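Structural description and commentary
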Amino acid sequence: MSTSASRKGPVGVGVIGAGVISKQYLDNLTAFPDLKVHVIADLFEEAAEARAKEYAIAEWGGVDKALNPPDVKIIVNLTIPAAHVEVATAAVNAGKHVWTEKPFSLDRESGLGLLKTADAAGIRLGCAPDTFLGAGLQTALRLIRRGDIGTPLTAMTTFQTSGPESWHPNPAFLFQHGAGPLFDMGPYYLTTLVQAFGSIRKVAAVGSKSKDVRVIGSGPKAGEEFTVEVPTHVSAMAQFESGASSHSVFSFESPRTRMGFVEITGTEATISLPDPNYFTGDIKLWRAGDEDWTTVPATGPANGRGMGVLDMARSLRAGVPHRATGELAYHVLDTMVSISESIDGGTFIDVESSAPASPALPEDWAPETATI
């Protein structure tokens, strides 16, 4: 794993993908003093130009515009899921470290290929979600690792909505291969569970879809129909390397919205975690004999998307492992593919990959402070 040079000052960043999610990233990437965004690129260069002017970024253009500058050390890959591996591979071949939005890839073969290519080149890979680096989940994980719930045994998670077509102006891609509630929202919940329990060893699942066609409910395409390619309700069980187990629901089928439910039960207590799609939120504990939950406030940084990029940059300079690694993201991808295979085959599926343990983020880790 490359440590880059010992040069002092901000680590250079190039962003590829000027879509909706880029704004959440750029709000932080342009504010963290340990990072410097030099260029933003997009297939639609006018979109890159608009974002560049919005954030006072010096350069913009097509994809090559971000891959070529020598002062760009990390590429932040915010393209559509189907392009994640292609763009990340191009960045690796250009000698750039890469942070990719989730999912890491759409299949095992391309994901493994990317891991091997980066490893051979001495390049680091990172991947969303980095929400587990936020104050909410880090506080909960500290409590679990400290033994406040005893030995973690089981978990339940729930994500239920009626589906994004009611509000998203162009939702068809969220119902295609590589998306659906499992691939769209699963990374947040499964990454959290892996942080709490360790690697997943086997899964079993059932899935269904109530409609083959859905209708866009808002925006300029309102009323247009699109085809549903993947299950829109998934119920999955997982067993972890420790022997612990979990049950998760991922659904675009519920009139009642229930999001962010993550509850872990140990030998001594039950802990309710914040929504894993966010960076903060209170934690609640219920111990045997309690009449009600005890609330534990979150402590630590909660700046939002881009914290993982900053951790990669600082770790790169320090020559230590970063936390939201490509291996972790691939393990979550492998788990989701295994869940899909279980739905299709009606049987348990072994998960062959493993995830490295992510070191805890110090409570005093300060994104707003220049450290390199």
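Quick notes on the overall build of the protein
- Counting its secondary structure elements, the protein contains nine helices and 17 strands.
- For a compact globule of 372 residues, the expected C-alpha radius of gyration is about 21 Å, and the protein comes in at 20 Å, within 12% of that figure.
- Each of the three principal axes of the protein carries a C-alpha extent, and together these read 55 × 50 × 35 Å.
- The proportion of buried residues among the 372 residues of the protein is 55%.

Some details on the pairing of strand β7 (residues 152-160)
- Looking at chain direction, β7 and strand β13 (residues 258-266) are connected through seven bridges and run antiparallel. Opposite Met156, over in β13, you have Glu263 as the bridge partner.
- Relative to strand β12 (residues 245-251), β7 runs parallel, the two being bridged by seven bridges. The residue bridging Gln160 from the neighbouring strand is Ser251, located in β12.

As for the pairing of strand β14 (residues 269-273)
- Along β14, five of the five residues are buried, which leaves the element largely enclosed by surrounding structure.
- Residue alternation in β14 divides its side chains into two sets, Ala269, Ile271 and Leu273 and Thr270 and Ser272, and both sets are buried.
- In this sheet, β14 lies alongside β13 in antiparallel orientation, the contact comprising four bridges. Along β14, the bridge assignment pairs Val262 with Leu273.
- The antiparallel pairing of β13 with β14 creates a hairpin that spans two residues between the two strands.
- Examined bridge by bridge, β14 and strand β15 (residues 283-287) share four bridges and lie antiparallel to one another.

So, the packing of helix α4 (residues 84-93) against helix α5 (residues 108-121)
- Taken N-terminus to C-terminus, the directions of α4 and α5 make an angle of 10 degrees; their axes are 10 Å apart at the nearest point. Our classification of the angle between α4 and α5 gives roughly parallel. Every residue of α5 that contacts α4 at Val85, Ala88, Thr89, Val92 and Asn93 is listed here: Ser110, Leu114, Thr117, Ala118 and Ala121.
- Here the residues of the contact of α4 with α5 sort into six nonpolar, four polar and no charged.

A few points about the packing of α5 against helix α9 (residues 326-345)
- One way to put it is that α5 packs onto α9 with a least axis distance of 10 Å and a crossing angle of 165 degrees. Compared by their axis directions, α5 and α9 come out roughly antiparallel. For α5 against α9, the interelement crossing comes out left-handed. Here Arg108, Gly111, Leu112 and Leu115 of α5 come into contact with α9, specifically with Gly326, Glu327, Tyr330, Leu333, Asp334, Val337, Ser338 and Glu341.
- Of the residues contributing to the contact of α5 with α9, the split by class is five nonpolar, three polar and four charged.

Considering the sheet that holds strand β2 (residues 35-41)
- Read across the sheet, six strands follow the order β3-β2-β1-β4-β5-β6 without closing on themselves; strand pairing throughout is parallel. Where the open sheet ends on each side, the last strands, each with one partner, are β3 (59-61) and β6 (125-127). Neighbouring strand axes in the sheet, compared pairwise and without regard to direction, differ in orientation by 25 degrees on average.
- As defined by bridge partners, β2 adjoins β3 across three bridges and the pair is classed as parallel. Bridged to Ile40 within β3 is Trp60.
- The strands touched by helix α2 (residues 45-54) within the sheet are β2 and β3, with β3 carrying the most contacts at an inclination of about 160 degrees.

Observations concerning α9
- With 20 residues, α9 extends 28 Å from end C-alpha to end C-alpha; this agrees with the ideal 28 Å at 1.5 Å per step.
- The buried fraction of α9 amounts to 15 of the 20 residues, a majority that puts the element mostly inside the structure.
- Gly346 lies just past α9 and shows a positive phi near 65 degrees.

Definitions and cut-offs
Residues numbered from 1 in each chain as written. Predicted model: local features only at pLDDT ≥ 70, side-chain atom pairs only at ≥ 80, totals over all residues. Heavy atoms only, no water. Helix = DSSP H or I, 4+ residues; strand = E, 2+ residues; numbered from the N terminus. Rg over C-alpha atoms; globule rule 2.2 N^0.38 Å. Buried < 20%, exposed > 50% of the residue type's maximum accessible area, 1.4 Å probe, protein only. Pairing = 2+ DSSP bridges. Axes fitted to C-alpha atoms, helices over the stretch in contact; angles between N-to-C directions. Parallel < 35°, antiparallel > 145°, perpendicular 65-115°, else oblique. Contact = heavy atoms within 4.5 Å. Nonpolar A, V, L, I, M, F, W, Y, C, P; charged D, E, K, R; others polar. Left-handed = near helix turned anticlockwise from the far one by under 90°. Expected span 1.5 Å × (residues − 1).

This is a description of form; function is not addressed.
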